[in-house]
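Architecture and fold: a report
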Amino acid sequence: MSTHVKKPGWFTVNVLNRLVAWLTRRGLSVWGSRVLAVRGRKSGQWRTTPVNLMTLDGAQYLVAPRGHVQWTHNMRAAGGGELRLGKNVDSFTATEVADDDKPPLLRAYLKRWKAEVGAFFDGVGPDSSDEELRRIAPDHPVFRVTVTG
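Just so you know, these numbers come straight off a predicted model, no measurement behind them.

What about the overall build of the protein?
The helix and strand tally for the protein stands at four helices and six strands. Taken from N to C terminus, the helices and strands of the protein fall in the order α-β-β-β-α-β-β-α-α-β. Across the protein, the fraction of contacts at a sequence separation of at least 24, relative to all contacts at a separation of at least 6, is 63%. Carbon and sulfur atoms make up 51% of the accessible area of the protein, which amounts to about 8,200 Å² in all.

As for the pairing of strand β3 (residues 59–63)
The buried fraction of β3 is high, at four of five residues. Alignment of strand β2 (residues 46–56) against β3, held across four bridges, turns out to be antiparallel. Bridge pairing links Leu53 to Leu62 in β3. Hairpin geometry of β2 and β3 is characterised by an intervening segment of two residues between the two adjacent antiparallel strands and by a positive phi of about 50 degrees at Asp57.

Digging into the sheet that holds strand β1 (residues 33–39)
Strands sit in the order β1-β2-β3-β6-β5-β4 around a closed barrel of six strands; the barrel is antiparallel. Across the sheet, the mean angle separating the axes of adjacent strands is 45 degrees when strand polarity is ignored. Here seven bridges tie β1 to β2, and the two strands are oriented antiparallel to one another. The residue of β2 that forms the bridge with Val38 is Arg47. Most of the contacts of helix α2 (residues 70–78) go to β1, to which it runs at about 60 degrees, and overall it touches β1, β2, β3, β4 (80–85), β5 (88–96) and β6 (142–147). Along the sheet face, helix α3 (residues 103–117) touches β2, β3 and β6 and points at about 110 degrees away from the line of β2.

Concerning the pattern of salt bridges
As enumerated under the stated definition, the model contains four salt bridges in all. A salt bridge links Arg76 to Glu96, with the shortest nitrogen-to-oxygen separation between them at 2.8 Å. Here Arg76, found in helix α2, pairs with Glu96, found in strand β5; they are 20 residues apart in sequence, far enough to count as distant. A relative accessible area of 27% means that Arg76 is categorised as partly exposed. When the shortest N-O distance is used, the salt bridge between Asp130 and Arg107 registers 2.4 Å. One end of the pair, Asp130, is in helix α4 (residues 130–136); the other, Arg107, is in helix α3, with 23 residues separating them in the sequence.

Quick word on unusual backbone geometry
The phi torsion at Asp57 lies on the positive side, around 50 degrees, for a residue other than glycine. Structurally, Asp57 can be placed in the loop between β2 and β3. Positive phi, close to 50 degrees, is recorded for Asp122, a residue that is not glycine. In this fold, Asp122 is placed in the loop between α3 and α4.

Looking at the packing of aromatic side chains
As enumerated under the stated definition, the model contains three aromatic pairs in all. Between Trp71 and Phe143, the ring centres sit 5.9 Å apart and the planes meet at 50 degrees, which makes this aromatic pair tilted. One end of the pair, Trp71, is in helix α2; the other, Phe143, is in strand β6, and 72 residues separate them in sequence. One exposure class covers both Trp71 and Phe143, and it is buried. Through a chain of ring-to-ring contacts, the aromatic side chains of Tyr109, Trp113 and Phe121 assemble into a single cluster.

Some remarks on the confidence of the model for the protein
The predicted coordinates of low-pLDDT regions are not to be read in fine detail. Scored by pLDDT, the protein comes out at a mean of 90, with 90% of its residues at no less than 70. Averaged over each element, pLDDT in the protein is lowest for helix α1 (residues 10–25) (72) and highest for β6 (98).

What counts as what
Residues numbered from 1 in each chain as written. Predicted model: local features only at pLDDT ≥ 70, side-chain atom pairs only at ≥ 80, totals over all residues. Heavy atoms only, no water. Helix = DSSP H or I, 4+ residues; strand = E, 2+ residues; numbered from the N terminus. Contact = heavy atoms within 4.5 Å. Areas by Shrake-Rupley, 256 points an atom, 1.4 Å probe, with all protein chains shown as cover. Buried < 20%, exposed > 50% of the residue type's maximum accessible area, 1.4 Å probe, protein only. Pairing = 2+ DSSP bridges. Axes fitted to C-alpha atoms, helices over the stretch in contact; angles between N-to-C directions. Salt bridge = Lys/Arg side-chain N within 4 Å of Asp/Glu carboxyl O. Phe/Tyr/Trp six-rings, centres within 6.5 Å; stacked < 30°, edge-to-face > 60°. pLDDT = per-residue confidence, 0-100.

Structure, rendered in structure tokens:
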């Protein structure tokens, strides 16, 4: 498994993520944003972070543009969590997508959010070949989300 991580800078952590999370907690989705809540794999405490929820062909996905970050490790351990938008809370289970199945998902994600996250994909974009998308697939966890309640 890849250990690829691109840590966010001060502005992202202290301004951008907080602003998007604040808006999302108040029910305003910014381009599909949700607040992801997942139990910490060691502490058992709820951990939250803003994410982009992607819908493709009727299924929902979470893509980790920054790589194997804390929420992805917690998601693997917990097997699911909650997606929050305002007062709406959707509990879900998560299934990790195999690297070979990621290219169309990464392409769709980049098509929608490249302006926001493109810098984390090493020059690969929505018009890149399947081969290029397969090359970066191990660095970007993708989870299929199944809402359970």
